[in-house]
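# Chain and residue survey
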Amino acid sequence: MCLSDLYITGEESPDLELKAVMLNIRPGHNPQLMEACSTLKEYSEFVEKVRNYTKVMELNTALDRAVTECIQEGILTDFLRKNRAEVIKMSLYEYDQEQHMKWLREEGYEQGHEDGKEDNLVTNIQALMKNMNISVQQAMEVLEVPKEKYKVYEEKLKNTKDKKN
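No experiment lies behind these values; they were computed from the predicted model shown.

Rules used throughout
Residues numbered from 1 in each chain as written. Predicted model: local features only at pLDDT ≥ 70, side-chain atom pairs only at ≥ 80, totals over all residues. Heavy atoms only, no water. Helix = DSSP H or I, 4+ residues; strand = E, 2+ residues; numbered from the N terminus. Contact = heavy atoms within 4.5 Å. Areas by Shrake-Rupley, 256 points an atom, 1.4 Å probe, with all protein chains shown as cover. Axes fitted to C-alpha atoms, helices over the stretch in contact; angles between N-to-C directions. Parallel < 35°, antiparallel > 145°, perpendicular 65-115°, else oblique. Left-handed = near helix turned anticlockwise from the far one by under 90°. Salt bridge = Lys/Arg side-chain N within 4 Å of Asp/Glu carboxyl O. Buried < 20%, exposed > 50% of the residue type's maximum accessible area, 1.4 Å probe, protein only. Patch = residues over 30% accessible without salt bridge, like charges linked within 9 Å, V, L, I, M, F, W, Y side chains within 5 Å. Core = buried A, V, L, I, M, F, W, Y, C linked by side-chain atoms within 4.5 Å.

### Overview of the overall build of the protein chain
Broken down by element type, the protein chain carries six helices and zero strands. Listed by position from the N terminus, the elements making up the protein chain come as α-α-α-α-α-α. Contacts spanning at least 24 positions in sequence make up 30% of the contacts within the protein chain whose residues lie at least 6 apart. With the model as given, the accessible surface of the protein chain reaches about 13,000 Å², and the carbon-plus-sulfur share is 53%.

### Structural notes on the packing of helix α2 (residues 38–54) against helix α3 (residues 59–73)
Two elements in contact, α2 and α3, have axes whose closest approach is 9 Å; the angle formed by their N-to-C orientations is 140°. The pairing of α2 with α3 is recorded here as oblique in orientation. For the pair α2 and α3, the sense of crossing is right-handed. Residues F46, K49, V50, Y53 and T54 of α2 touch α3, and the partners they reach there are L59, A62, L63, R65, A66, V67, E69, C70 and E73.

### Considerations on the pattern of salt bridges
Tallying each qualifying case throughout the model produces seven salt bridges. We note a salt bridge from D64 to R84, for which the minimum N-O separation is 2.8 Å. Highlighted residues: D64 in helix α3 and R84 in helix α4 (residues 77–132), separated in sequence by 20 residues. A relative accessible area of 36% places D64 in the partly exposed class. Connected via shared salt-bridge partners are K49, R65, E69 and E73.

### Notes on unusual backbone geometry
Leaving glycine aside, a negative phi is the common case for residues, and trans is the common case for peptide bonds. Of note in this structure, N30 is not a glycine but carries a positive phi near 50°. Among the structural elements, N30 can be located in the segment before α1 (31–36).

### Let's talk about a nonpolar patch on the surface
Taken together, the side chains of V21, L23 and L33 present a nonpolar region at the surface, about 290 Å² in accessible area. Considering the arrangement of structural elements, one finds L33 in helix α1. The class of L33 is partly exposed, set by a relative accessible area of 30%.

### Regarding the nonpolar core
With 16 residues, the main nonpolar core has F46, V50, L63, V67 and L80 as its most contacted residues. Elements that contribute at least two residues to this core include exactly α2, α3 and α4. In terms of residue count, α3 provides more of this core than any other element does, seven residues in total.

### Some remarks on the side chain of T77
Counting through the fold element by element, T77 comes out in helix α4. Ignoring sequence-local partners within four residues, the contact set of T77 consists of C70 and I71.

Structural data, given as structure tokens:
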């Protein structure tokens, strides 16, 4: 993965690029890695239990149950016994942060998607005006732009025209 891929506006050749290898550590993936690092494998099992339980119960309850089961099954036993409260507290925080970041990404995608639609519509209006030698209003009629949006697109067209000059 490239860091620059995470940004909406990318540069063809950024001055500084970070590349990272992302490995799937969910159960059933990367068996060689899991066999080489038993702690990572056990962590993966713990996380999978939490994921499964959060589908059917509250996060606090899911975390408590996953920790209890892991201790009983010999998964991260020493660590979870010593750090049970901290694991639950940190997992709650991480889960909330993960949900927040997911929400931000979705909101950003939706906004970007809407902006992209508007940009495409402006481009199509311009093309119709140029190729068919018609007015802005006629182009918007052809493209079935709602009449209440005419002023918005007229302003967008004016702004793109100003940028070119």
